[in-house]
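Structural features, examined
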Amino acid sequence: MSKTNPGNFFEDFYVGQVIRHATPRTVTEGDSALYTALYGSRFAVQSSAAFARALNYPAAPADDLLVFHIVFGKTVPDISLNAVANLGYAGGRFLAPVYPGDSLSAVSEVIGLKENSNGKTGVVYVRSTGYKDDGTEVLDYVRWVMVRKRDPSAPAPMPVVPDLPDAIVPDALGDACPLIDNTAWDTDLSGASHRFGDYVAGERIDHVDGMTVEEAEHQIATRLYQNTAKVHFNQHSEGQGRFGRRLIYGGHVISLARALSFNGLANAFHVAGINAGRHVAPLFAGDTVYAWSEVLETSDISGRDDVGAVRLRTLATKDRPCADFPGKGADGAYDPAVILDFDYWVLMPK
């Protein structure tokens, strides 16, 4: 019997299957520093322990997307080692803050399966949950991924496509942000004067800056999350594949877009929920990422007068500045430069 793990193929999954993932991962200050080095994120709460403590945090929390990537990375060897592509996200909630010293692990449940018409691949829907070592849930989300079949002649399972929410109700967002003292929010130090009440639905923001992706950077990032997906690392195999080169991990694009969004959304200090996300097109080393955001709605949160929730749709492009807000055309097709369409909730001080 082989002692190595070839990963699961589409026919290895079944609805209701629960997978407990290896390997628990302790988050350190070094992880946060490396995350900053990779993306240049400047949000004050995650950057400064003194700023965070003034607001009522016990310390600077780990960046929300760092937590997401670490939990995501746990799931890769079991869910997407044989993936063609990660397709989308929904129903994500950040449930509790994570600080250096916390250890994270992950469990996934298969909630849907649908074989593709080509008979060679299928889509697997999973709900993954991240936990601290004391059992506290820190994150849950749904994603769906296209996975290769081991044997194209294997019979197709009964298709099950889960019914997923279009968006999370603001009052259902998690408790990853403690009650903060918003009178202590220093807009000089945070980088902008615009608070929750300064944003309105329909507003569009060009984040102006661009960031070029380097091969080494995305591989360091993906290793940081212990993401072992072959499409990101093995040029020997991927050189013979559809694109002839390694794909940039989709989460790398999300973090780049989030970091770029600081210019225009500096006080959007906490990602509270992921409503939907789609990797529209692949990204490769050497491409330059730009981003713009649209405010979809703003909402108070019951029982909280310290922060409000802002629903954003951020689109990232490659090699195309976003002054004219590229997105979908009248025909419903995306501009060819669009690589990410991400719908999420952030919290801002009132």
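Below: a short report on this structure. Just so we're clear, the structure is a prediction, and the values are computed from it rather than from any experiment. (Residues numbered from 1 in each chain as written. Predicted model: local features only at pLDDT ≥ 70, side-chain atom pairs only at ≥ 80, totals over all residues. Heavy atoms only, no water.)

Comments concerning the nonpolar core
Ranked by internal contacts, the top residues of the largest apolar core, which has 59 residues, are Y39, F68, L104, Y225, V289 and L340. Looking at this core element by element, the count peaks at eight residues for helix α4 (residues 64-79). Ignoring anything within four residues of it in the chain, the contact list for L104 reads T23, P24, R25, V27, V67, I70, V71, V98, Y131, K132 and V138. (Core = buried A, V, L, I, M, F, W, Y, C linked by side-chain atoms within 4.5 Å. Buried < 20%, exposed > 50% of the residue type's maximum accessible area, 1.4 Å probe, protein only. Helix = DSSP H or I, 4+ residues; strand = E, 2+ residues; numbered from the N terminus. Contact = heavy atoms within 4.5 Å.)

Quick notes on the layout of surface pockets
Estimates place the volume of the largest pocket at around 700 Å³. Lining the largest pocket are 40 residues, and of these A85, N86, L87, G250 and H279 lie nearest its centre. Elements supplying a minimum of two residues to the lining of the largest pocket: β3 (83-94), β6 (137-148), α7 (230-233), α9 (250-260), β9 (270-279) and β12 (338-349). Looking at which element gives the most residues to the lining of the largest pocket, the answer is β3, with seven residues. Considering only enclosed or pocket space, the second largest pocket measures out at about 220 Å³ in volume. At the level of secondary structure, the elements contributing two or more residues to the lining of the second largest pocket comprise β3 and α8 (235-238). Taken together, the residues of the lining of the second largest pocket break down into five nonpolar, four polar and four charged. (1 Å grid on protein atoms, 1.4 Å probe; cavity = no way out; pocket = protein on both sides within 12 Å on 5 of 7 lines; lining within 4 Å. Points joined across faces, edges and corners; volume = space filled by probe spheres on them. Nonpolar A, V, L, I, M, F, W, Y, C, P; charged D, E, K, R; others polar.)

Remarks on unusual backbone geometry
For the peptide bond that leads from A22 to T23, omega is -5 degrees, which places it in the cis range. Among the structural elements, T23 can be located in the loop between β1 (18-20) and β2 (25-26). The phi torsion at Q226 lies on the positive side, around 55 degrees, for a residue other than glycine. Along the chain, the position of Q226 falls in the loop between α6 (215-224) and α7. By relative accessible area, Q226 is classed as partly exposed at 36%.

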